[in-house]
Amino acid sequence: MIEFNSVTKIYKSLLGRSVTAVEEFSLEVAEGEILGIAGPNGAGKSTLISLLLGYLEPTTGSVRIDGVRPRSYIERHGIGYLSELMSINPAWKAQDALTRFATLAGIASAGTARRVEEVIDQLGIDEHRSKKIKALSKGNLQRLGLAQALLRDERVMILDEPTHGLDPVWTQRFRGIVENLRMPGKTVIIASHNLDELQRLAGRVAIVDRGRLQRVVSTGYDQANEIAGVYRIRVAGGADRLAEIIPGAKDTGGGEFEITFQSVPELNSALARLIAGGVMVASVVPARSVLEQQFREAVGATT
Amino acid sequence: MSGNLLRYAIWQLRDFARERGIALMVIGLAISITFIGPMKAIGVQFTENSARQLIVTILSQVALLAAFIAFNGMISNDRKLGYYRFLFSKPVSMPAYYTQLFAVFFAGYLIVFAVLLGLFGLVVFPVFPIGVITYAALVFLSLGGIAFFISSLVRFDWPALGGVFMGTLLLRSVLAGRDGPAAILLAILPPIHELLPLAGLVTGGTVAPLTVLWLLGYSACFFAAGLIVLRRRPFA
């Protein structure tokens, strides 16, 4: 559905200084996929999204949505887009802004008011509908941005830092909204600093740093079988015996230990030995998510 | 022009009214009052002819200034302030959107002049509006293409347009009557000096069709160049 083919974007200043924001970036996103893009500040995420929206042209390489240039696709079909920078005219009222975007999105006149009401209800903006944009808090503005992205049932959704500014309740609700977008024929790209969020929502996460695609991580369970990981084991009794059974265990206090396992089968084997040895295991949790470990490795490798 | 964009015209007109229309009215009224006020105070009796002469005097100040206010940030504001991000994620073509915006601003500009002329008729003397509105329309359209092009190209379009306007007037006064490259330059500079004879339309006179064609054609070329910039140049 979406293709980046050897995309390089170089910004040139008037003084001739050039900065490479994206370099030889290639990635395909399949129809029906939810893809995350993760990377530190300045990694090139925003440039990638601007390229995908056709607001920037690649210096070399190409970007295609459904086989055509981004602007051609968007001018014909539109996309659902939530921008990290919430740029809506501050003098507009929230409801008017949604009505304007619904009109531009091509929602029929007869259905505009109903659809606007639906997204206002879905995103809990009812009490703010008459407020001007400049009077909205960051969180409410973010919800308004999400509401305008959801106005029409778009085949492509691009969400840039979607939970930025949202409180925990709305962060949770946002996850539910994105889960509902997971359906055949709908392609979603989420750029975020929040690895936990990407781990939960995306099927794959592209890790970018310094404009380059460092790796693409699948967030599914099978992948977890393949890689080493640090686990936090809390014991309710027999803590002294744990260190004997697993010599490499690091005691972090309060009955908790951090242990590195090379695979999930190795973890299970160690747990069996602990239980057989009389250790009361209370909980086992990954100290870091698979994605977080991959991110640390990928970004750490270049910094 | 697609249906969704045409329906959006009403919102563009609302924006024009709020962001520019009120300013145009205030400035138009303020300048008009500075001319009309003293004349009324000394009891001048107006006839249709003297009213038309007065309109020419006022319009020579107001029409140009109003056009500048109307053009200010037409495209560049969306780029500068990032409003384009959401607008053009919808199924809308940028050239079509701004062409419609230009047309809406033109309509708004003419409505303002019609209202001002109506007020003039009430306070001073009723004047048949066609000549006045035609003059205002030609000023807008003659400068509009150049303003559109500049706004598509640079972020600070108002000073740039002012620079082009003043620079052209300056060069025309300095290079007038010269031969060679200076003559070629004079020929291709914006024909702003041709705006002056258009005022004859207000007093019932006529204007050479070629002058009007040259003004509008010149402006249309720049308008087309602006559309190409919008199509080709990255917006971010």
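Structure: see above.
The following refers to the structure shown. (Residues numbered from 1 in each chain as written. Chains lettered and ligands numbered in written order. Predicted model: local features only at pLDDT ≥ 70, side-chain atom pairs only at ≥ 80, totals over all residues. Heavy atoms only, no water.)

1. Quick look at helix 4 (residues 109–122) of chain A
- The end-to-end C-alpha distance of helix 4 of chain A, which contains 14 residues, comes to 21 Å, matching closely the 20 Å that a straight helix rising 1.5 Å per residue would cover.
- Buried residues of helix 4 of chain A: G111, T112, V116, V119 and I120 of chain A, and no others.
- Buried positions along helix 4 of chain A lie against helix 3 (94–105) and helix 5 (138–149) of chain A together with helix 1 (3–41) of chain B.
- Note on helix 4 of chain A: the residue one or two positions beyond its end, G124 of chain A, has a positive phi of about 65 degrees. (Helix = DSSP H or I, 4+ residues; strand = E, 2+ residues; numbered from the N terminus. Expected span 1.5 Å × (residues − 1). Buried < 20%, exposed > 50% of the residue type's maximum accessible area, 1.4 Å probe, protein only. Contact = heavy atoms within 4.5 Å.)

2. Remarks on the pairing of strand 1 (residues 2–12) of chain A
Residues and elements named next belong to chain A.
- The pairing of strand 1 with strand 4 (residues 60–65) spans five bridges and is classified as antiparallel. Looking across to strand 4, one finds that N5 is bridged to S62.
- Note that strand 1 and strand 2 (residues 18–29) share eight bridges and pair antiparallel. The residue of strand 2 that forms the bridge with V7 is F25. (Pairing = 2+ DSSP bridges.)

3. Remarks on the packing of aromatic side chains
- On inspection of all chains with the given rule, the structure shows 27 aromatic pairs over all chains.
- Plain terms: the ring middles of F4 of chain A and F25 of chain A are 5.2 Å apart, the flat faces sit at 85 degrees to each other, and that makes the pair edge-to-face. Residue F4 of chain A is located in strand 1, and its partner F25 of chain A is located in strand 2; the two are separated by 21 residues in the primary sequence.
- A residue is classified by how much of its surface remains accessible, and F4 of chain A, at 3% relative accessible area, is buried.
- Arranged with centres 6.3 Å apart and planes meeting at 80 degrees, the rings of F68 of chain B and W158 of chain B form a pair that is edge-to-face. Taken together, the residues F68 of chain B in helix 2 (residues 48–71) and W158 of chain B in helix 7 (residues 157–175) connect sequence positions 90 residues apart.
- With relative accessibility at 42%, the residue W158 of chain B sits in the partly exposed group. (Phe/Tyr/Trp six-rings, centres within 6.5 Å; stacked < 30°, edge-to-face > 60°.)

4. Some details on the interface of chain A and chain B
- At the interface, 36 residues of chain A touch 27 residues of chain B.
- Counting the surface chain A buries against chain B, the share from its top three residues, Y55, R100 and L104 of chain A, is 28%.
- The interface formed by chain A and chain B contains three salt bridges.
- The salt bridge partner of R14 of chain B is D96 of chain A, with a shortest N-O separation of 3.5 Å.
- For the pair chain A and chain B, the interface holds 17 residue pairs in polar contact (both at pLDDT 80 or more).
- Mapped by element, the contributors of at least two residues to the side of chain A that touches chain B are helix 2 (70–77), strand 5 (80–82), helix 3, helix 4 and helix 5 of chain A. (Buried area = accessible area lost by both parts, 1.4 Å probe. Salt bridge = Lys/Arg side-chain N within 4 Å of Asp/Glu carboxyl O. Polar contact = N/O pair within 3.5 Å; in protein donor to acceptor, adjacent residues only side chain to side chain.)

5. Quick notes on the packing of helix 7 of chain B against helix 8 (residues 181–188) of chain B
Residues and elements named next belong to chain B.
- Relative to each other, helix 7 and helix 8 sit at 145 degrees, their axes nearing to 10 Å. Along this stretch, helix 7 crosses helix 8, giving a crossing that reads as left-handed. Across from L171, R172 and L175 in helix 7, the residues of helix 8 making contact are A182, L185 and L186.
- Considering only residue class, the contact of helix 7 with helix 8 consists of five nonpolar, no polar and one charged. (Axes fitted to C-alpha atoms, helices over the stretch in contact; angles between N-to-C directions. Left-handed = near helix turned anticlockwise from the far one by under 90°. Nonpolar A, V, L, I, M, F, W, Y, C, P; charged D, E, K, R; others polar.)

6. Observations concerning the sheet that holds strand 12 (residues 256–261) of chain A
Residue and element names in this part refer to chain A.
- Judged by pairing direction, the sheet is antiparallel, and its four strands sit side by side in the order 11-12-10-13 without closing on themselves. Looking along the sheet, the strands with just one partner apiece sit at the ends: strand 11 (250–253) and strand 13 (280–286). Put simply, the sheet's adjacent strands are angled 30 degrees from each other on average, direction ignored.
- Packed on one face of the sheet, helix 10 (residues 264–276) meets strand 10 (229–237), strand 12 and strand 13 and runs near 165 degrees to strand 13.

7. Considerations on helix 10 (residues 209–232) of chain B
All names here are of chain B.
- For helix 10, built from 24 residues, the straight-helix expectation of 34 Å at 1.5 Å per residue is met to within 8% by its first-to-last C-alpha distance of 34 Å.
- Along helix 10, the positions that sit buried rather than exposed are T211, V212, L215, Y218, S219, F223, G226, V229 and L230.
- Each element contacted by the buried residues of helix 10 is listed here: helix 5 (94–123), helix 6 (130–153), helix 8 and helix 9 (195–198).

8. Structural notes on the side chain of T112 of chain A
- Structurally, T112 of chain A is set in helix 4.
- Among the polar contacts made by the side chain of T112 of chain A, one reaches the main-chain carbonyl oxygen of A108 of chain A at a distance of 3.0 Å.
- Excluding residues that lie within four positions of it along the chain, T112 of chain A makes contacts with T99, A102, T103 and I107 of chain A together with R7 of chain B.

9. A look at the environment of S50 of chain B
Residue and element names in this part refer to chain B.
- Structurally, S50 is set in helix 2.
- Here the alpha-carbon distance between S50 and F125, two residues 75 residues apart in the chain, equals 9.1 Å.
- Reaching out from S50, the side chain makes a polar contact with the backbone nitrogen of T47 at a distance of 2.8 Å.

10. Some remarks on the pattern of salt bridges
- Within the structure shown, the criterion is met by 23 salt bridges over all chains.
- A salt bridge links R231 of chain B to E75 of chain A; its shortest N-O distance comes to 3.1 Å. Placement of R231 of chain B in helix 10 and of E75 of chain A in helix 2 is noted, with the two residues assigned to different chains.
- In this structure R231 of chain B comes out as partly exposed when scored by relative accessible area, which is 45%.
- Across the pair R100 of chain A and D15 of chain B runs a salt bridge, and its minimum N-O distance is 2.7 Å. Residue R100 of chain A is located in helix 3, and its partner D15 of chain B is located in helix 1; the two belong to separate chains.
- Given a relative accessible area of 11%, D15 of chain B falls into the buried group.
- Bridged by salt links that share partners, the residues R100 of chain A together with D15, R18 and E19 of chain B form one connected network.

11. Quick word on unusual backbone geometry
All names here are of chain A.
- In this model, S6 sits at a positive phi of 45 degrees, which is unusual for a non-glycine residue.
- Mapping S6 onto the fold places it in strand 1.
- A relative accessible area of 32% places S6 in the partly exposed class.
- Although it is not a glycine, E161 sits at a positive phi angle of roughly 45 degrees.
- Examined against the element boundaries, E161 turns out to sit in the loop between strand 6 (156–160) and helix 6 (168–181).
- Judged by its relative accessible area of 7%, E161 falls in the buried class.

12. Description of the packing of helix 1 of chain B against helix 5 of chain B
All names here are of chain B.
- Two elements in contact, helix 1 and helix 5, have axes separated by 7 Å at closest approach and are oriented at 35 degrees. In this structure, helix 1 meets helix 5 at a crossing whose hand is right-handed.
- A breakdown of the residues in the contact of helix 1 with helix 5 according to their chemical character gives 22 nonpolar, five polar and two charged.

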